[in-house]
Each structure stands twice: as C-alpha cells, then as structure tokens.
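Observations on chain architecture
One-letter residues, chain by chain:
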There are 2 protein chains.
Amino acid sequence: MRRTQEERRQESESRLLAAAVKLIAEKGANGFTLAEVGHEAGYSRSLPGHYFETKEALLARVVEHITQQSLAAIVDPDVEPGIESMRARWTRSLSAEGHDSYRTRALYALFLGAMFDSELAKIMARYNRATVARLAESLREAIDRGEIRADADVEAEAQALLLFRRGSALIHFTDPDLDLVSILDKHMTEVRDRLKP
Amino acid sequence: MRRTQEERRQESESRLLAAAVKLIAEKGANGFTLAEVGHEAGYSRSLPGHYFETKEALLARVVEHITQQSLAAIVDPDVEPGIESMRARWTRSLSAEGHDSYRTRALYALFLGAMFDSELAKIMARYNRATVARLAESLREAIDRGEIRADADVEAEAQALLLFRRGSALIHFTDPDLDLVSILDKHMTEVRDRLKP
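So, how was this worked out
Residues numbered from 1 in each chain as written. Chains lettered and ligands numbered in written order. Predicted model: local features only at pLDDT ≥ 70, side-chain atom pairs only at ≥ 80, totals over all residues. Heavy atoms only, no water. Core = buried A, V, L, I, M, F, W, Y, C linked by side-chain atoms within 4.5 Å. Buried < 20%, exposed > 50% of the residue type's maximum accessible area, 1.4 Å probe, protein only. Contact = heavy atoms within 4.5 Å. UniProt positions renumbered as here; feature names shortened; annotations may be inferred. Helix = DSSP H or I, 4+ residues; strand = E, 2+ residues; numbered from the N terminus. Least-squares fit on C-alpha atoms with pLDDT ≥ 70 in both. Buried area = accessible area lost by both parts, 1.4 Å probe. Salt bridge = Lys/Arg side-chain N within 4 Å of Asp/Glu carboxyl O. Polar contact = N/O pair within 3.5 Å; in protein donor to acceptor, adjacent residues only side chain to side chain. Phe/Tyr/Trp six-rings, centres within 6.5 Å; stacked < 30°, edge-to-face > 60°. Lys NZ or Arg CZ within 6 Å of the ring centre and 35° of its normal. Expected span 1.5 Å × (residues − 1).

As recorded in an unreviewed UniProt entry, chain A goes by the name AcrR family transcriptional regulator, listed as coming from Sphingopyxis panaciterrulae.

**Topic: the nonpolar core**
Judged by nonpolar contacts, the single largest core of 74 residues is most densely connected at A:Leu110 and B:Leu110. When residues no more than four places from it in sequence are discounted, the contact partners of B:Leu110 are B:Ile24, B:Ala29, B:Leu59, B:Val62, B:Val63, B:Ile66, B:Leu120 and B:Met124. With 54 residues, the next largest nonpolar core counts A:Ala136, A:Leu161, A:Val191 and B:Ile183 among its residues.

**As for the UniProt feature "domain: HTH tetR-type" (unreviewed entry) in chain A**
Mapped onto the present numbering, the UniProt feature "domain: HTH tetR-type" (unreviewed entry) falls on residues 10-70 of chain A. In the segment residues 10-70 of chain A, helix accounts for 79% and strand for 0%; the C-alpha atoms at its two ends are 20 Å apart.

**Considering the relation of the copies chain B and chain A**
Turning chain B through 180° and shifting it by 0.1 Å along the axis lays it on chain A, with an RMSD of 0.2 Å. The superposition of one copy onto the other is thereby described by a two-fold rotation axis. Among all residues of chain B, the minimum C-alpha distance to the rotation axis is found for B:Gly167, at 1.9 Å. When you check the interface residues of chain B against chain A, 100% turn up at the interface there too, and the contact is symmetric in its surfaces.

**Considerations on the interface of chain B and chain A**
On the chain A side, the residues contacting the 42 residues of chain B number 43 residues. Carbon and sulfur atoms make up 72% of the surface buried where chain B meets chain A, a total of about 3,400 Å² over both sides. At the boundary of chain B with chain A, the tally comes to six salt bridges. Here B:Glu157 and A:Lys186 are joined by a salt bridge, their closest N and O atoms 3.5 Å apart. Where chain B touches chain A, the interface holds six residue pairs in polar contact (both at pLDDT 80 or more). For the side of chain B that touches chain A, the secondary-structure elements that each account for two or more residues are helix 1 (5-27), helix 6 (102-114), helix 7 (118-144), helix 8 (154-174) and helix 9 (180-195) of chain B. Here the side of chain B that touches chain A takes 14 residues from helix 8 of chain B, the largest share from any one element.

**Quick notes on the packing of aromatic side chains**
Applying the stated criterion across every chain yields a total of seven aromatic pairs over all chains. Between B:Tyr108 and B:Phe173, the aromatic rings sit 5.6 Å apart at their centres with planes inclined by 55°, giving tilted as the arrangement. Of this pair, B:Tyr108 sits in helix 6 while B:Phe173 sits in helix 8, placing them 65 residues apart in sequence. Following the ring pairs from residue to residue traces out a cluster consisting of A:Tyr108, A:Phe111, A:Tyr127 and A:Phe173. Positioned above the aromatic ring of A:Phe32, the side-chain terminus of A:Lys55 is 4.3 Å from the ring centre.

**Notes on helix 6 (residues 102-113) of chain A**
In an α-helix, one full turn covers 3.6 residues, which means residues spaced three or four apart are oriented alike. Residues and elements named next belong to chain A. End to end, helix 6 covers 16 Å across twelve residues, agreeing with the expected 16 Å (1.5 Å per residue, within 8%). Counting buried positions over the twelve residues of helix 6 gives ten, a clear majority of the element. By the burial criterion, the buried members of helix 6 are Thr104, Arg105, Ala106, Leu107, Tyr108, Ala109, Leu110, Phe111, Leu112 and Gly113.

**As for the pattern of salt bridges**
All names here are of chain A. This model, assessed by the stated rule, comprises 42 salt bridges over all chains. A salt bridge links Arg87 to Glu84; its shortest N-O distance comes to 3.1 Å. Here the residue Arg87 and the residue Glu84 both occupy positions in helix 5 (residues 83-96), the gap between them amounting to three residues, near one helical turn. According to the relative accessible area criterion, Arg87 is buried, its value standing at 10%. For Glu84, a relative accessible area of 39% corresponds to the partly exposed category. Salt bridges here are not isolated pairs; linked through shared partners, they connect Glu6, Arg9, Glu13, Arg61 and Glu64.

**Quick look at the UniProt feature "DNA-binding region" (unreviewed entry) in chain A**
Residues given the UniProt feature "DNA-binding region" (unreviewed entry) here are residues 33-52 of chain A. Between the first and last C-alpha atoms of residues 33-52 of chain A the distance is 12 Å; the span itself is 70% helix and 0% strand.

**Focus: the environment of A:Asp117**
Residues and elements named next belong to chain A. Mapped onto the secondary structure, Asp117 falls in the loop between helix 6 and helix 7 (118-144). You can call Asp117 buried: its relative accessible area is 17%. Only 3.1 Å separates the side chain of Asp117 from the backbone nitrogen of Glu119, close enough to count as a polar contact.

In structure tokens:
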C-alpha cells in the first residue's frame with residue numbers, strides 16, 4: 001500500500017527529530033549543525049533546513065516533541081493523579097536516566113544550553129511553566145479525591161516539586177552512583193505527610 | 001617594595017583563574033581554549049599552558065577555586081550554622097544570580113559540561129559531595145545548639161537541600177523572572193518546622 005505524501009513527510013520529520021534528540025544528548029544543544037542532523041537521520045544534509053529552516057526552530061520543535069511525549073505518558077488512563085503516582089513515575093525515570101534515555105539527557109542539555117542562548121531560554125521557561133501547570137493540575141485532582149488537604153497551595157507545591165526534580169536530574173548526570181531514588185522517595189513521603197488531609 | 005617571584009606567580013594564577021571563570025560563564029566549559037584564557041587575562045596565549053598544562057587541569061583548578069571561595073564565605077565568623085543562615089545566604093545568592101555573578105554561572109556551566117565529559121563529571125561529583133558534607137556539618141552544629149532535633153538524618157537532609165538548591169539555580173538561569181526566592185523561602189520554613197526539636 002502506497003503511503004501518502006503527508007505520511008512520508010511525518011516519518012521524515014519524526015526521524016529528523018529523533019536524530020536531533022540523540023545529537024543533543026550526546027553533544028549538547030550547541031554541539032552540532034542542522035546538516036549533521038540530516039546525516040545522522042540517514043537523509044541529505046540539506047533536508048533539515050527544508051523542514052525546520054533554522055536550528056533555533058529545530059530546537060523549539062524538539063522541546064515540543066519531548067513535551068508531547070511526557071504528556072502522552074501522563075494522560076495514560078493508568079496514571080493516577082497525586083503524589084504517589086508522581087513518586088512512581090519519577091523513581092522510574094531517575095532509574096532509567098544515564099542509561100539509555102536520550103530524551104531526558106537531551107532535555108537537561110537543553111536547560112543548560114539555555115544559559116548561553118536567550119531564545120532557547122524562553123523555550124525552556126515555557127516548558128518549565130507547562131510542567132508546573134501539569135503538576136498543579138494533578139495535585140488539584142488529588143484534592144478532589146480527598147488525598148490532599150483542600151487548603152494546600154498547589155501552585156507553590158508544584159513549583160517546589162519541579163525544583164526538586166530538576167535538581168535530582170542535574171546531580172544524577174554528574175554523579176550517577178548517588179542513590180537519588182531513595183532521597184527522592186524520602187522527600188515525596190515528607191510532602192505527602194505534610195499535605196495529607 | 002619588590003614582590004617575590006612567588007607573589008607574582010600567585011597573582012598571575014589568580015588572574016588566569018578569574019579569566020577562566022568569566023569565559024566559562026559566558027561561553028560554557030567547552031567554548032574556549034587555554035590560549036584564550038591567556039588573552040582574556042592580558043597575558044601571552046602560552047602562559048595558561050605553563051601554569052595548568054591541560055584545559056582539564058584548568059577546569060579542575062577552577063572548581064577548587066570556586067569551592068574555596070564558597071568555603072571562605074561559610075567559615076566567616078559572622079555566618080551561623082543551621083537553616084536560617086542557609087536561607088539568608090541562598091536567598092542572597094539567588095537574588096544575585098543572572099545579574100553579575102560570573103562564579104555561579106560558571107559553576108552551572110561546568111555542570112553542563114560534565115554531561116559530555118566524564119573527567120569533568122568526576123570533578124563536579126566531588127564538588128557536590130563536598131557541598132553536602134558542609135551542609136551536613138552545619139546541620140550537626142545546629143543540633144548541638146539545640147535548634148534542630150537530635151534524631152534528624154543530617155546526611156539525607158543535606159542531600160535533599162542540595163537538590164533543591166541546584167534545581168533553583170537551573171530554573172533561575174532559564175527563567176530569571178520567576179520568584180524563586182519566595183519558593184526557596186517557603187521550602188526552608190517547611191524544613192525548619194519539620195526539623196525543630
């Protein structure tokens with residue numbers, strides 16, 4: 001069965017994005033060119049320019065792509081709102097980081113790359129704010145279910161949880177032997193105890 | 001009064017280190033050469049090679065230099081141990097970051113570089129562990145003074161505080177408009193309340 005032009009276009013874009021995630025994870029946001037993304041994906045060196053025009057636009061698209069994948073994991077009907085579910089997901093992702101998770105490595109390379117690129121900083125700030133909004137929503141659902149006390153400051157709690165998660169990953173990439181899973185676990189227990197009704 | 005050779009050597013090294021901190025803060029750990037450090041410091045392009053031999057050795061020396069400066073701030077007789085003092089220092093440094101603190105920017109640029117450089121990762125892991133040890137010592141002193149309950153798990157608390165601090169800085173560099181000072185402040189109040197005797 002012949003694929004439509006739109007299907008081929010989507011597959012090419014998807015392969016180019018996967019190649020970009022791999023290059024960012026291996027070399028940082030500033031360590032490669034658009035042409036290398038084409039080469040890495042097995043296409044011509046000029047194709048990424050046709051799809052994304054500039055490297056800035058490619059990086060923005062990569063962040064959007066990572067965001068969609070994270071959201072897809074969260075809207076999974078098996079994922080419960082609240083702190084216990086967050087603990088399970090974060091423990092799982094911390095265990096995987098440093099092994100083979102190009103996506104998470106790329107994400108932190110983008111955060112750090114944002115230090116030297118104000119346009120990228122705007123993109124990453126939006127990503128952080130979207131993540132806080134998602135965490136706050138999960139905490140609000142947990143209040144509705146009676147798992148968290150109703151007067152909890154969900155925005156502030158969500159923001160603090162994000163800081164903790166970002167710090168864990170940053171340290172994990174420099175010191176993968178440290179037992180961050182148990183530190184994260186202990187912290188989540190404290191937050192849960194503090195917020196219980 | 002003539003300076004001794006040792007004094008001249010120390011001044012040159014100190015100027016080279018300051019130049020390296022500025023270049024790391026502006027361009028990242030991988031964005032410059034040893035020769036550029038000499039040029040930035042107003043010396044010959046070959047001088048850094050005489051002092052540090054390799055760029056790896058220079059980066060290690062920069063981390064040591066940053067560590068000494070942080071330690072100097074803490075052994076200041078006016079600095080009290082415990083959480084209130086930590087809160088005041090962190091609030092101060094978070095307020096300054098992103099404005100003119102080359103030292104803090106350089107530190108986070110080195111964490112970024114560590115994602116792509118296993119030797120630098122070892123150096124940064126040592127720096128993180130030294131910082132946790134220092135935080136734990138401060139908490140132990142606070143126990144001795146009766147400000148924190150004696151059964152607090154100081155190592156785990158110190159590690160969790162570091163994660164929170166690293167996450168604050170990482171987010172601050174991408175989103176300087178976010179009011180992290182009040183988030184940090186709220187967090188420190190929670191930790192203090194939880195640890196009080």
